[in-house]
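# Structure assessment
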Amino acid sequence: MPKPLFVQRPSGLHVRFLVPVHAREVWGARVVMKSLGGRRGDAARLAAARLGYALSVFFDDLKLMGKALMSELLVKVQRDAQGRRIRRRITEHPGKFIHANYQVEERLDGSWVIIAEGPEDHENAMDMVRLLRSIPPDPAFVRTRLAPPPVTGPMLEQRVELFLEQFNQKQRAEANKLDTAFTMRLFVGIIGDKALAGVDAEDMDRWLDALAHWPPNATKREPYKDLSPREVVIVSKRKGETPISLRTREKHLDRLRVFFNWAMERRDVDRNPCASIHVMTREQEDTQSRRAFTPAELATIFNPALREVHCDTPARWWLPLLALYSGGRAQELAQLNTQDIEEVSGIWGFHIAARFPGQKLKNRQSRRFVPLHPVLLDAGLLTYRDDIVGTLGEGPLFPGLGAKPGDVVGDWFNRTYLRNQCHIPGQVYHCFRHSFITAADRAGIPEARIARITGHGQGGSVLRGHYIDVPTLAERAAALSAVKFPLPAIENYQAGRFSYFLNKATRVKRRREAIQARALRNG
């Protein structure tokens, strides 16, 4: 059996085998070089051993049977190796095959796709294509296919950029704009640029396959962040990565449907290729809907010992409490300004509104004034607000969260605190909102009053289909006081609790102000 020699290349680990003397003329090279597809250690050695055994069988058969059965034997090597194919190209020399690092895959329509790993391999693949085009088809082996009519019209990538430009001009949440741009550019990266009217069912098959293997946060983590969308899918399949959830895939499809509906209105296409494509049934969506936290889960989340160790910043300490006792969304609460906390008619509360730079609202119904629950007042939220103003001045109530504060808090709570520390699977930060609404409903608070507190629309499918007089502020404060949860005792905030964090934020603020002042002087 040929002995493997492992070779480290920029593209990864490869294995090289020496071709026996009797096979070199036919093979066209002295060695066989094969990528191990990202495998390392024992996995690489096992793959090399399988390939070596397959090559040994091939070369032995070739010695016995000659050149006539070489093509058939190569197919056998491909199957026995149980890995990526031994790829080859035909040269102008009859009977010779030269190994090259490219892959040939047959698509559903009978066409072929060639995937090359570098400029040299790309040229090898193109040599094969040019030669195959010069060979007359053999009726005994080639299926007769009618050439499809050429598709004309605007290109997909061109229309995607125009769609995103117009989409960004609308009054949409910044997160919605970013998510839509990501979906559209991911779609172009997966199926490639082509005539928009030529996007067909096969392209949607490729899109669904990509979503079914797309790893979470691929653009932010190794080994995916520097790869193209197609390469991400290939590596994810090879590693057996857990893909994004069905709900996330459905959201990608929703955004794509919006794009094609827009294209239909422009008469760029006559149908929406993903109009009827779903990865979740209505029953699955209902089953996977988030539920309220149970009393036991809330007791774990607000366990004083866990909070003391892991809720080590102002945002981590306060935002779970704020969400539970107000029903606010993560972004709404994380973007609060110190000036949003205000006393109105003798009632302390906070404004959820786009009053300061960087603040966004989900919709018009989201704008509201929410009274502070007595638990929050007793826990010292006003003392904390005074701490922030005294140290940093008026500004973000929870500094240091960046441009998308809701995402920062949600990611920490969902992936770090809830999963790793509280060991509560399947739930997320948004479940605080469900918990508040459930508790308010059980306390007998009317739907319209709950809607006014949580920022839901007071009609349509969310609440009753007719308008009811908007509750007064005093009624909302009384309604909030009726919402209770069986939590452990909440430690009162003491001034200076987060002095280390606030001092660090002060230094960051001063550096930022110095940079801005220097830029103004130099400008």
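The text that follows walks through the structure, step by step, so that each part is easy to find. Residue numbering note: each chain is counted from 1, following its sequence as written. In view of the model being predicted, local features appear only for residues whose pLDDT reaches at least 70, and side-chain atom pairs are presented and counted only at 80 or more, with totals across whole chains, interfaces and linings using the full set of residues. Water and hydrogen atoms play no part in the side-chain values, which are based on all heavy atoms of the structure.

Before going further, it helps to examine the overall build of the protein chain. Strands are runs of DSSP state E lasting at least two residues, helices are runs of H or I lasting at least four, and both sets are numbered from the N terminus onward. In terms of helices and strands, the protein chain carries 21 helices and 10 strands. Should any heavy atoms of two residues lie within 4.5 Å, those residues are counted as being in contact. When contacts within the protein chain are restricted to residue pairs at least 6 apart in sequence, long-range pairs at least 24 apart make up 60% of them. Method for areas: the Shrake-Rupley scheme with a 1.4 Å probe, in which residue coverage is limited to the protein chains shown. Approximately 29,000 Å² of the protein chain is accessible, and the part contributed by carbon and sulfur atoms is 52%.

In this analysis, the protein atoms alone were mapped onto a 1 Å grid. Cavities are point sets where a 1.4 Å probe fits without being able to get out; pockets are open sets with protein on both sides within 12 Å along at least five of seven lines; lining residues have an atom within 4 Å of a point. Grid points are joined across faces, edges and corners, and a volume is the space filled by probe spheres set on the points. One pass over the structure, following the stated rule, counts 2 cavities of 30 Å³ or more. The calculated volume of the largest cavity comes to roughly 60 Å³. Around the largest cavity, the lining residues are Phe302, Pro304, Arg307, Glu308, Trp317, Ala489, Ile490 and Glu491. Element by element, the count of residues in the lining of the largest cavity is highest for helix H12 (residues 304-310), at 3 residues. When grouped by side-chain class, the residues that make up the lining of the largest cavity number 5 nonpolar, no polar and 3 charged. Amino acid classes used here: Ala, Val, Leu, Ile, Met, Phe, Trp, Tyr, Cys and Pro are nonpolar; Asp, Glu, Lys and Arg are charged; the rest, including Gly, are polar.

This part takes up the pairing of strand S2 (residues 12-18). It is a general feature of regular strands that their side chains alternate between the two faces of the sheet. Burial runs high along S2: 5 of the 7 residues are buried. Here the rule is simple: two strands pair whenever DSSP picks up at least two bridges between them. Here strand S1 (residues 5-9) pairs with S2 via 5 bridges, running antiparallel. Residue Leu5 lies in a different strand from S2, and its bridge partner there is Arg16. Here S1 hands over to S2 after 2 residues, the two strands then running antiparallel side by side. Taken together, the 5 bridges between S2 and strand S3 (residues 31-35) define a ladder with antiparallel strand orientation. Counted as the bridge partner of Phe17 is Val32 from S3. Residue exposure (1.4 Å probe, protein chains only): buried if accessible area is under 20% of the type maximum, exposed if over 50%, otherwise partly exposed.

Ring pairs shown here join Phe, Tyr and Trp side chains whose ring centres sit within 6.5 Å, with only the six-membered ring taken for Trp; geometry is labelled stacked below 30 degrees between planes, edge-to-face above 60, and tilted in between. Throughout the structure, instances matching the rule amount to 22 aromatic pairs. Arranged with centres 6.0 Å apart and planes meeting at 40 degrees, the rings of Phe413 and Tyr417 form a pair that is tilted. One end of the pair is Phe413 and the other is Tyr417, both in helix H17 (residues 405-421) and 4 residues apart, which spans about a single turn. When sorted by exposure, Phe413 lands in the same class as Tyr417, which is buried. Each member of the aromatic cluster is reached from another via a ring pair, and the members are Phe163, Phe167, Phe187, Trp207, Phe259, Phe260 and Trp262. To sit over a ring, a charge needs its Lys NZ or Arg CZ within 6 Å of the ring centre and within 35 degrees of the ring normal. Residue placement shows Arg307 over the ring face of Trp317; its charged tip is 4.0 Å from the ring centre.

Once that is clear, we can look at the sheet that holds strand S9 (residues 347-352). Read from one edge of the open sheet, 3 strands run S8-S9-S10, paired in antiparallel fashion. Of all strands in the sheet, those bounded by a partner on one side alone are strand S8 (341-344) and strand S10 (368-371). Geometrically, the sheet is characterised by an average inter-axis angle of 45 degrees between neighbouring strands, direction not taken into account. Strand direction decides the pairing type here: S9 and S10, joined by 4 bridges, are antiparallel. Bridging from a neighbouring strand, His351 pairs with Phe369 of S10. Where helix H20 (residues 473-481) meets the sheet, its contacts fall on S8, S9 and S10, and the angle it forms with S10 comes to roughly 45 degrees. To obtain each axis, a line is fitted to C-alpha atoms, and for helices this fit is confined to the stretch in contact; angles are then taken between N-to-C directions over 0 to 180 degrees.

Given 3.6 residues per turn, any residue in an α-helix points the same way as the ones three and four places further on. Restricting attention to buried positions, one finds in helix H8 (residues 229-239) the residues Val232, Val233, Val235 and Ser236. The inward-facing, buried residues of H8 contact helix H6 (174-191) and helix H7 (201-213).

Our next topic: helix H21 (residues 499-522). For a helix, the expected span equals 1.5 Å multiplied by the number of residues minus one. With 24 residues, H21 ought to run about 34 Å at 1.5 Å a step, and its terminal C-alpha atoms sit 34 Å apart, in line with that. On the buried face of H21, the contacting elements are helix H16 (381-392).

Read from one edge of the open sheet, 3 strands run S1-S2-S3, paired in antiparallel fashion. The open sheet is flanked by S1 and S3, the only strands paired with a single partner. Across the sheet, the mean angle separating the axes of adjacent strands is 30 degrees when strand polarity is ignored.

All right, on to the nonpolar core then. Among buried residues, the Ala, Val, Leu, Ile, Met, Phe, Trp, Tyr and Cys ones that are joined through side-chain atoms within 4.5 Å form a nonpolar core. The biggest cluster of nonpolar side chains holds 61 residues, and the ones touching the most others in it are Ile301 and Phe432. For this core, the element with the highest residue contribution is helix H13 (residues 314-324), accounting for 8 residues. Those residues in contact with Ile301 that lie beyond four places of it in its chain are Phe293, Arg307, Phe413, Tyr417, Leu418, Cys422, Ile424 and Phe432. Counting residues in each nonpolar core, the second largest holds 34 residues, with Ile191, Trp207, Val233 and Cys274 among its members.

Looking now at the pattern of salt bridges. A pairing counts as a salt bridge when a side-chain nitrogen of Lys or Arg comes within 4 Å of a carboxyl oxygen of Asp or Glu. Scanning the entire structure with this criterion turns up 21 salt bridges. Here Arg257 makes a salt bridge to Glu250, at a shortest N to O gap of 3.0 Å. Like Glu250, Arg257 is buried. For the salt bridge of Asp268 with Arg266, the shortest nitrogen-to-oxygen distance reads 3.3 Å. On the basis of relative accessible area, Asp268 is assigned to the buried category, the value being 14%.

Let us now look at the side chain of Ser326. Inspection of the secondary structure assignment puts Ser326 in the loop between H13 and helix H14 (330-334). Residue Ser326 is classed as buried on the basis of its relative accessible area of 1%. At a separation of 2.5 Å, a polar atom in the side chain of Ser326 contacts the main-chain carbonyl oxygen of Leu322. A polar contact of 3.2 Å, which involves the side chain of Ser326, links it to the backbone nitrogen of Gly328. Those residues in contact with Ser326 that sit more than four places away from it in its chain are Leu333, Phe350, Val370, Phe436, Ile453 and Thr454. Each polar contact in these results corresponds to two N or O atoms within 3.5 Å; when the atoms are within protein, one needs to be able to donate a hydrogen and the other to accept it, and residues that are neighboring in sequence are counted only if both atoms are side-chain atoms.

This part is about a positive patch on the surface. Patch membership requires over 30% relative accessible area and the absence of a salt bridge. Like charges are linked within 9 Å, and nonpolar side chains (Val, Leu, Ile, Met, Phe, Trp, Tyr) within 5 Å. By the counting scheme adopted, Arg and Lys are positive, Glu and Asp are negative, and His together with the chain ends is not counted. The location of each charge is read from NZ of Lys, CZ of Arg, CG of Asp or CD of Glu. A contiguous patch of positive charge on the surface is contributed by Lys504, Arg507, Arg511 and Arg512. On the secondary structure map, Arg507 appears in helix H21.

Glancing now at the packing of H7 against H8. Packing of H7 against H8 brings their axes to within 9 Å, and their N-to-C directions diverge by 55 degrees. As summarised for this structure, H7 and H8 are arranged oblique, according to the angle between their axes. Where H7 crosses over H8, the handedness of that crossing is left-handed. Taken together, the residues of H8 that come into contact with H7 (itself represented by Arg206, Asp209, Ala210 and His213) are Arg230, Val233, Ser236 and Lys237. Here the residues of the contact of H7 with H8 are counted per class, giving 2 nonpolar, 2 polar and 4 charged. Roughly parallel covers angles under 35 degrees, roughly antiparallel covers those over 145, roughly perpendicular covers 65 to 115, and oblique covers all other angles. For any pair of crossing helices, the crossing counts as left-handed if the nearer helix is rotated counterclockwise from the farther one by less than a right angle, and right-handed if it is rotated clockwise.

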